[in-house]
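Reading the structure
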Amino acid sequence: MEYMFKFCNLPDDTLTVKMVNEAAGRLHYKLKKIDLESLDISDYNKRYFGSLLRNLRSNLQKYAYILSWSITKIDIPLNKLVFLDYGGGSGMLSLLAKECKIGTVIYNDIYDVSARDAELIGKAIGDQADYYIPGNINDVIDFLKEKSVKCNAIANYDVIEHIYDIEEFLKKIPMISDNNLRVFFSSGANPYNPVIKRKLVKNHYRCELLDREQKFGSKKRDPLEAYSKIRRKLIKDLNPDLSEDQVDYLVTATKGLIEYDIKKAVNEFSTSGTVTLKQKYPQYPSNTCDPYTGNWAEHLMDIYQLRNILQSQNFQADIWRGYYGDSNTLLKCLAARSLNLLIKNLGRRGMALSPFFTLCGNVVP
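Heads up: these notes are all about the structure in this document.

Rules used throughout
Residues numbered from 1 in each chain as written. Predicted model: local features only at pLDDT ≥ 70, side-chain atom pairs only at ≥ 80, totals over all residues. Heavy atoms only, no water. Helix = DSSP H or I, 4+ residues; strand = E, 2+ residues; numbered from the N terminus. Rg over C-alpha atoms; globule rule 2.2 N^0.38 Å. Salt bridge = Lys/Arg side-chain N within 4 Å of Asp/Glu carboxyl O. Buried < 20%, exposed > 50% of the residue type's maximum accessible area, 1.4 Å probe, protein only. Pairing = 2+ DSSP bridges. Core = buried A, V, L, I, M, F, W, Y, C linked by side-chain atoms within 4.5 Å. Contact = heavy atoms within 4.5 Å. Axes fitted to C-alpha atoms, helices over the stretch in contact; angles between N-to-C directions. Parallel < 35°, antiparallel > 145°, perpendicular 65-115°, else oblique. Left-handed = near helix turned anticlockwise from the far one by under 90°. Nonpolar A, V, L, I, M, F, W, Y, C, P; charged D, E, K, R; others polar. Disulfide = S-S within 2.5 Å. 1 Å grid on protein atoms, 1.4 Å probe; cavity = no way out; pocket = protein on both sides within 12 Å on 5 of 7 lines; lining within 4 Å. Points joined across faces, edges and corners; volume = space filled by probe spheres on them.

**A closer look at the overall build of the chain**
Along the backbone of the chain there are 13 helices and seven strands. Against the compact-globule benchmark of 21 Å for 365 residues, the chain has a radius of gyration of 21 Å, which places it among compact chains. Summarising its shape, the C-alpha atoms of the chain cover approximately 65 × 50 × 45 Å along the three principal directions.

Now the structure itself:
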């Protein structure tokens, strides 16, 4: 199984695993031939999608793992199944789903540029999704209602750590289905892996305190100014009568809030002298987000609280450990496979070694 993580937990549905593995092999061949420079896609995806192509086998292993678990043993024929790639970014998961001949594949991303680029890449290799929906969960729900479509599986990678109100998002997930749904949300923001946590905390401080330079392939919707500087400007515009000390206090108090919540906080402070609206997960004080969009800088969360939220929505839910894909060098491959063995056999303690975690669940019958 070249396109499956080595020494990981896989579904015992061997036919599905074999089918996804073979589809990943075909997709690998197609993507190796693609010329991104010849496509009318953004510089952002020429850079980002191009980076995925440089270690294509490892990335396909990741998406093959996600897709295998997302569609295994669903009591619906594959050609009737509806799969939603929510926050699809590059679109590689959607491409693999189409290569597997899944009946209906829906791609979504909040960044309209990514949605357009993903469609162009899909057309270029003949694995175009059936629908491309730019927008957030509300836009997806509205689209599905309009088309009278109900999803059977929803999956993604590195998405949930960017959603501003993750609790609201999880509570809306049942609205895309008719009580026959599987979710599989994987995220590299694993707070239990100390190496990952240290790296993400450093990134939080960079986003919060440092301005950034415009680079080739950067995402146009991301601001170049430090998040704290943006909040300071917003706060001063909302109430020019505040003293510098009051502004300093509010800049700190509104860390991790989007513009409309910053406005609520400033109004509350102006009338009562206090701010009660605070970001969640105080155990990770470095967390910060883009004040304009609410896009979190790799949000560190209480992942078991996420499981509890999903359970409250009538899901059998759990947190699973993630694994490492094969690298381009033999030494790194051996290291990754050794770590996978440890992760698999250490139980919950293996989370400290995992490169990602997965929030997964099925609707309770």
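**Some thoughts on the pattern of salt bridges**
In this structure the tally under the stated criterion is 22 salt bridges. Here Glu-2 and Arg-57 are joined by a salt bridge, their closest N and O atoms 4.0 Å apart. Here Glu-2 is found in the segment before helix 1 (14-32), whereas its partner Arg-57 is found in helix 3 (residues 56-71), with 55 residues between them in sequence. Residue classification places Glu-2 among the partly exposed residues on the basis of a relative accessible area of 39%.

**Observations concerning the pairing of strand 7 (residues 357-363)**
Within strand 7, six of the seven residues are buried, which leaves it mostly tucked inside the rest of the structure. Relative to strand 7, strand 5 (residues 182-187) runs antiparallel, the two being bridged by six bridges. Within the sheet, the bridge partner assigned to Ser-187 lies in strand 7 and is Phe-357. Here seven bridges tie strand 6 (residues 315-321) to strand 7, and the two strands are oriented antiparallel to one another. Bridged to Phe-315 within strand 7 is Val-363.

**Details of the nonpolar core**
Membership of the largest hydrophobic core comes to 53 residues, with the highest contact counts inside it found for Leu-31, Tyr-65, Leu-67, Phe-83, Leu-96 and Ile-102. Put simply, the parts of the chain that give this core at least two residues each are helix 1, helix 2 (43-54), helix 3, helix 4 (92-99), strand 2 (104-109), helix 5 (112-125) and strand 4 (153-157). Tallying contributions element by element places helix 3 first for this core, with nine residues. Contact partners of Leu-67, with chain neighbours within four places excluded, come to Val-20, Phe-83, Leu-93, Leu-96, Ala-97, Cys-100 and Ile-102. Counting 43 residues, the second-largest nonpolar core is a separate cluster that includes Val-82, Ile-166, Leu-170 and Met-351.

**With respect to the packing of helix 10 (residues 244-253) against helix 11 (residues 259-272)**
For any two helices packed against each other, the geometry is given by the interaxial angle and the distance between the axes. With their axes 11 Å apart at the nearest point, helix 10 and helix 11 run at an angle of 140° to one another. Between helix 10 and helix 11, the interaxial angle falls into the category oblique. Here helix 10 and helix 11 pass one another in a crossing that is right-handed. Packed against helix 10, whose contacting residues are Gln-246, Tyr-249 and Leu-250, the element helix 11 presents Ala-265, Val-266 and Phe-269 at the interface. For the contact of helix 10 with helix 11, the class distribution of residues is five nonpolar, one polar and no charged.

**A word on the side chain of Gln-61**
Tracing the backbone through its elements, the reader meets Gln-61 in helix 3. Not counting residues up to four positions away in its chain, the partners in contact with Gln-61 are Glu-2, Tyr-3, Met-4, Phe-5, Lys-6, Gly-325 and Asp-326.

**Looking at the sheet that holds strand 4**
Sheet architecture is open: seven strands sit in the order 3-2-1-4-5-7-6, paired in mixed fashion. Each having just a single partner strand, strand 3 (131-134) and strand 6 make up the two edges of the open sheet. Taken pair by pair, the neighbouring strands of this sheet meet at an average axis angle of 15°, ignoring direction. As defined by bridge partners, strand 1 (residues 82-85) adjoins strand 2 across four bridges and the pair is classed as parallel.

**What about the state of the cysteines?**
Evaluation of the coordinates by the stated rule reveals zero disulfides. Just so you know, Cys-100 is unpaired, no disulfide at all, and the nearest cysteine sulfur is the one on Cys-8, 16 Å from it. Given the relative accessible area of 3%, Cys-100 is considered buried.

**A few points about the layout of surface pockets**
The volume enclosed by the second largest pocket comes to roughly 320 Å³. Lining the second largest pocket are 17 residues, and of these Tyr-164, Asp-165, Asp-261, Lys-278 and Lys-280 lie nearest its centre. Residue assignment for the lining of the second largest pocket shows that the elements contributing at least two residues are helix 7 (166-172) and helix 11. Looking at the lining of the second largest pocket residue by residue, the classes come out as seven nonpolar, three polar and seven charged.

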